[in-house]
Amino acid sequence: MPVTPTQTTADDCVRAVEGFFSPLVRTLTTLGERLVPLFDAPLRSDVLLRAARPLALEVLADPHTMGAGFVVTPGLLADESYALAWWQGDGREQLTQSPALVQSADYRRQEWFRTPQRTGRSHVTGPYVDYVCTDELTLTVTVPVLRDGQMLGVMGADVLAATVEKELLATFAGAGATLANHHHRAVLSAQAQVFAGEPVDPAAYATVRTCAGLPLDVLV
């Protein structure tokens, strides 16, 4: 016998989204601040990697995350132009060079980097297929690490779209709701015909609620 979802509202969905993402944003912000003193003197990539690793592992202690680390603003290191101090997976392995990574080495073009650099605020990128790390539909949460108004880099974490759906879908099902990013693409939806990553039109919904501090809208 089918189970009828517990009735919820758009506001319930907003609270659920904020409850999922906001603690991760706060953690990334706090941990990123610990790296700021490293930039008071010329900084080598190996020193950055050693300092960033325990912070990334602290993020990865959250079972919702699949990858985490710090990505430095190009030109700030003494020995490398670019550096991704990033760890991933159940084995907490450091991200190594791959053809896909080399091709996209100038990560200044990537939304997860350029948006926090432009706005000075946290950002959620995706869902997108992460060909570098997981080959799965992923969302990347990044926060700018700032010193005197300059972005030193971003502290970030990867979360699988399937994890977001698992945690939030029951609440969204009760409201018949869809979660969309600021590109008007679905993150998850209670509507069977709407799949993650597909475009959605907010004007087609009666209610649009923006999640505080997040580029995400609940559509009902």
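Before reading further, recall that the structure is shown in the block above.
Described in the following lines is the structure provided in the data block. (Residues numbered from 1 in each chain as written. Predicted model: local features only at pLDDT ≥ 70, side-chain atom pairs only at ≥ 80, totals over all residues. Heavy atoms only, no water.)

## Overview of the overall build of the protein chain
Filter applied, for reference: Helix and strand assignments come from DSSP, with helices taken as H or I runs of at least 4 residues and strands as E runs of at least 2, each series counted from the N terminus. For a compact globule the rule gives 2.2 Å times the number of residues to the power 0.38, and the radius of gyration it is set against comes from C-alpha atoms. Buried residues are those whose accessible area, probed at 1.4 Å on protein chains only, stays under 20% of the maximum for their type, while exposed residues exceed 50% and partly exposed ones sit between those limits. Should any heavy atoms of two residues lie within 4.5 Å, those residues are counted as being in contact. Under the convention used here, a 1.4 Å probe and the Shrake-Rupley method define accessible areas, while residue burial counts only the protein chains that appear. A residue counts as positive if it is Lys or Arg and as negative if it is Asp or Glu; His and the chain ends are not included. Lysine's charge is taken at NZ, arginine's at CZ, aspartate's at CG and glutamate's at CD.
Along the protein chain, the regular secondary structure elements total 5 helices and 10 strands. The C-alpha radius of gyration computed for the protein chain amounts to 18 Å, which stays within 12% of the reference 17 Å derived for 220 residues, consistent with globular compactness. Considered along the principal axes of its C-alpha atoms, the protein chain spans approximately 60 × 35 × 30 Å. Looking at the protein chain residue by residue over its 220 residues, the buried ones come to 46%. Put simply, 56% of the contacts in the protein chain that link residues at least 6 apart link residues at least 24 apart. As displayed, the protein chain offers around 11,000 Å² of accessible surface, 51% of which is attributable to carbon and sulfur atoms. In the protein chain, 16 positive and 24 negative side-chain charges are present, and the distance between their average locations comes to 5 Å.

## With respect to the nonpolar core
What counts here: Here, the term nonpolar core denotes a set of buried Ala, Val, Leu, Ile, Met, Phe, Trp, Tyr and Cys residues that are joined through side-chain atoms within 4.5 Å.
Val17, Phe21, Phe70, Met155, Val164, Phe172 and Val218 are the most contacted members of the largest nonpolar core, which totals 57 residues. For this core, the element with the highest residue contribution is helix α1 (residues 10-33), accounting for 10 residues. Those residues within four positions of valine 17 in sequence are excluded, and the remaining contacts are Leu168, Phe172, Leu179, Cys211, Leu214, Leu216 and Val218. Of all hydrophobic cores here, the second largest spans 6 residues; its members include Ala180, Val200, Tyr205 and Leu219.

## Notes on the pairing of strand β4 (residues 123-129)
Operational definition: Pairing between two strands requires that DSSP report at least two bridges joining them.
Where burial is concerned, most of β4 is hidden: 5 out of the 7 residues are buried. Here β4 runs beside strand β5 (residues 137-147); their pairing, made up of 5 bridges, is antiparallel. When the bridges of β5 are listed, threonine 125 appears paired with threonine 140.

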